[in-house]
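Observations on chain architecture
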Amino acid sequence: MLRLSGLFHTVKAVRRMTMKLRLSKAYFPTLRETVRDEDSVSGNLLVRAGYIRKVGAGIYTLLPLGHRICQKIEDIVREEMDAIGSQELIMPVLVPSEVYASAGRLNNFGPSIFQLKDRYGKDYVLGPTHEELFTEACKQAVTSYKDLPLSLYQIQTKFRDEPRPRFGLIRVRQFVMKDSYTFARDLDGLHEQYMEMFEAYKRIFDRLGLNYAIVRADTGIMGGLLSEEFQALCPIGEDIVVYEPISNYASNLEVANCLASVEDNAVCELGGEKQSLLSTPGTHTIDELKVDFNIAPKATIKTLIYEVNKDDSDKPEYVAVLVRGDRELNETKLVKLLHAQSVELASEEKVREYAHANIGSVGPFGLELPLILDQETLFMDNFVVGANVEEHHLIHCSWAALADVDSLKQAVLNKLQLASAQALDTEAKQALLATLPMSVGKITVADIRQIAEGDLCENGQGRVKFEHGVEVGNTFKLGHKYSEALGLTYIDENNQRQLVEMGSYGIGIGRSLAAMVEQNHSENGLLWPKHLAPIQVAVVVVNNKNAEQMQVAEQLYDELGEMGLDIILDDRKERAGVKFNDMELVGAYCRITVGRSIGDGMVEVKLTGSDLTEAEMQVKLVPINEVTDLVKHVFA
């Protein structure tokens with residue numbers, strides 16, 4: 001099993017004014033039916049329970065209960081940020097476009113940001129993130145090494161023009177995020193601040209009761225030296241967490257390194273031994289080659305022509321990328337390798353321009369483009385590729401026919417001090433990974449494939465497994481990317497000007513809420529830990545026309561209301577079944593039912609929460625005069 005954080009944790013009290021509410025006078029809009037336009041468990045339950053309401057695609061209103069629990073999540077975040085000496089501030093939502101252009105990021109955002117003009121034609125952006133503004137704020141305060149280290153944070157609304165809003169609060173266009181930034185004199189200082197923030201994040205997600213994994217990730221548009229993600233594990237997650245259970249290795253799928261599985265390579269078993277042309281009419285995919293000609297995918301190499309867009313050029317470049325037929329290309333690795341802004345498959349028109357053939361017949365031999373080979377393909381022999389001739393493939397191929405590739409293969413083996421690819425054991429594969437990329441002429445070999453479940457882990461300890469995750473937090477070592485771009489410097493002890501080393505750290509408040517629901521819910525409603533439940537105690541009157549029941553309910557409501565808990569009195573003119581269903585739907589942690597049993601001096605108590613066992617959630621009859629002590633014990 002993957003060793004996961006957040007399963008066991010110590011609960012700390014959350015500071016905030018408590019709620020005391022009579023439902024007969026409250027806004028309490030629950031729904032009994034499933035919501036048709038919500039495509040996730042969390043979105044459906046939060047809407048039905050009256051926590052959120054959809055305004056438009058990826059835009060939600062936080063209703064009172066949703067606002068309440070978000071406040072509690074934010075309070076936990078604030079407590080942990082304050083505990084490590086980080087100071088809270090608020091940056092503007094409306095930001096001049098030139099702020100993002102100053103660090104070269106305005107174009108990188110592409111269509112993912114909301115842009116607008118004021119009445120004078122000046123360009124603005126609805127802030128998607130605030131690295132530049134925090135850097136500028138630091139510039140105003142830091143001149144000397146004596147002014148460092150520094151740590152600042154905010155809990156602020158962000159906007160991103162998400163192309164496919166979905167899954168309730170998980171993928172939205174407007175969201176609340178805690179983002180914090182650290183500023184240090186050097187890399188050692190950055191690491192110290194990073195680890196301090198890293199440990200604070202673990203405490204935050206532990207207190208939220210999340211089942212999460214911490215994974216290495218791509219730095220993406222943020223850039224920098226290191227990125228790690230806190231992934232809440234749940235089936236609806238769009239990210240893939242790659243893990244190895246023996247060594248506790250964990251990585252995001254996008255950046256998981258691969259060892260070359262050369263022992264898995266197959267050979268072409270068609271008749272003949274020399275490289276020759278095979279007519280393959282109507283055969284355009286690896287799967288079709290297998291069906292039509294019984295050629296194993298592991299004996300084939302896919303050649304993909306990619307368009308490469310870079311920041312320093314208005315014109316795209318084109319490269320040919322080679323991976324084994326049963327493998328998938330990892331575009332994130334390709335972007336990193338080429339230092340590109342983006343990559344995408346070339347159009348059919350461009351493919352014909354370079355290969356003089358249809359997409360399914362493209363191959364490396366005779367192709368006038370830079371070639372990027374995945375490391376596995378370098379050690380293949382007797383393989384099948386496209387022939388760059390319409391509806392044809394080449395069979396029984398070897399790299400001996402392509403001098404630069406053959407030279408590169410020999411250079412790699414020489415560097416590893418190996419006689420042949422057959423000597424590539426696990427240790428040698430790890431050494432190979434460490435030497436890449438390598439190039440000869442226009443030929444480059446690198447790790448560019450996507451890891452597959454069951455592959456050997458890069459640490460050589462075992463086979464990797466996959467889990468789905470929702471990214472609820474991230475941490476970045478930015479280094480001096482932004483300080484260099486924006487001129488954030490300080491004078492050191494030797495009167496020399498130095499760049500400030502920065503860190504950036506984010507937590508999605510709404511995403512964390514959604515992940516909690518995805519991980520903790522019942523068939524009939526929400527489940528919260530007791531310190532986060534927006535309704536901690538619900539006093540439910542079975543018959544509000546019964547004076548004796550109302551008297552007991554009012555008494556309990558007043559007594560328990562003095563305990564600093566969030567409490568409601570359900571005195572609505574509804575049937576008892578409706579009230580019970582609503583309390584289960586909204587996740588009321590402790591339901592006290594005042595009904596006929598008061599004639600015997602008793603009330604019913606039912607606990608419902610994510611931190612309780614089935615036995616603890618059974619209905620119990622409790623003497624009225626013992627209820628207060630019981631509730632004190634439950635919330636101790």
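What counts, and at which threshold
- Residues numbered from 1 in each chain as written.
- Predicted model: local features only at pLDDT ≥ 70, side-chain atom pairs only at ≥ 80, totals over all residues.
- Heavy atoms only, no water.
- 1 Å grid on protein atoms, 1.4 Å probe; cavity = no way out; pocket = protein on both sides within 12 Å on 5 of 7 lines; lining within 4 Å.
- Points joined across faces, edges and corners; volume = space filled by probe spheres on them.
- Buried < 20%, exposed > 50% of the residue type's maximum accessible area, 1.4 Å probe, protein only.
- Helix = DSSP H or I, 4+ residues; strand = E, 2+ residues; numbered from the N terminus.
- Contact = heavy atoms within 4.5 Å.
- Nonpolar A, V, L, I, M, F, W, Y, C, P; charged D, E, K, R; others polar.
- Axes fitted to C-alpha atoms, helices over the stretch in contact; angles between N-to-C directions.
- Parallel < 35°, antiparallel > 145°, perpendicular 65-115°, else oblique.
- Left-handed = near helix turned anticlockwise from the far one by under 90°.
- Pairing = 2+ DSSP bridges.
- Domains from an automatic or database assignment.

1. Describing empty space enclosed by the protein
In the structure shown here, the tally under the stated rule is 1 cavity of 30 Å³ or more. In this structure, the largest cavity encloses a volume near 70 Å³. Lining the largest cavity, in full, are Met 19, Leu 21, Leu 23, Tyr 27, Phe 28, Pro 64, Leu 65, Ile 535 and Ile 568.

2. Description of helix H1 (residues 41-48)
Most of H1 is tucked away: 7 of the 8 residues are buried. For H1, every residue scored as buried is listed here: Ser 42, Gly 43, Asn 44, Leu 45, Leu 46, Val 47 and Arg 48. Looking at the buried residues of H1, the elements they touch are strand E2 (52-56), helix H14 (509-519) and helix H16 (576-586). Positive backbone phi, at 75°, marks Gly 50, one or two positions downstream of H1.

3. Some points on the layout of surface pockets
Of the volumes computed, that of the second largest pocket is approximately 500 Å³. In terms of lining, the second largest pocket is formed by 27 residues, of which the most central are His 284, Lys 302, Thr 303, Leu 304 and Ile 359. Elements with a minimum of two residues in the lining of the second largest pocket: helix H7 (286-293), strand E15 (301-309) and strand E19 (383-386). Ranked by residue count, the leading element in the lining of the second largest pocket is E15, at 6 residues. When grouped by side-chain class, the residues that make up the lining of the second largest pocket number 15 nonpolar, 8 polar and 4 charged.

4. Section: the packing of helix H2 (residues 64-83) against helix H6 (residues 187-207)
It is at 10 Å that the axes of H2 and H6 come closest, and there the two elements cross at 150°. Classified by the angle between their axes, H2 and H6 sit roughly antiparallel to one another. With respect to the hand of their crossing, H2 and H6 are arranged in right-handed fashion. The residues of H6 that touch H2, namely those facing Ile 76, Val 77, Glu 79, Glu 80 and Met 81, are Met 197, Ala 200, Tyr 201, Arg 203, Ile 204 and Arg 207. Residues that form the contact of H2 with H6 fall into these classes: 7 nonpolar, no polar and 4 charged.

5. Considering the environment of Val 262
Mapping Val 262 onto the fold places it in the loop between strand E13 (249-252) and strand E14 (276-279). Considering only alpha carbons, one finds Val 262 and Thr 219, 43 residues apart in sequence, at a separation of 30 Å. The residues touching Val 262, leaving out its near neighbours within four places in the chain, are Phe 379, Ala 421, Leu 424 and Lys 429.

6. A word on the pairing of strand E11 (residues 226-233)
Burial analysis of E11 places 7 of its 8 residues in the buried class, the great majority of the element. By the bridge criterion, 5 bridges tie strand E10 (residues 212-216) to E11 in an arrangement that is antiparallel. Across the sheet, Arg 216 pairs through a bridge with Glu 228, a residue of E11. The pairing of E11 with strand E23 (residues 465-479) spans 8 bridges and is antiparallel. Its bridge partner being in E23, Glu 228 is matched across the sheet by Thr 475.

7. Focus: the domain arrangement of the chain
Its domain assignment divides the chain into domain 1 (30-249 + 466-518), domain 2 (257-450) and domain 3 (526-635). Once you take the C-alpha centre of each, domain 2 and domain 3 turn out to be 66 Å apart.

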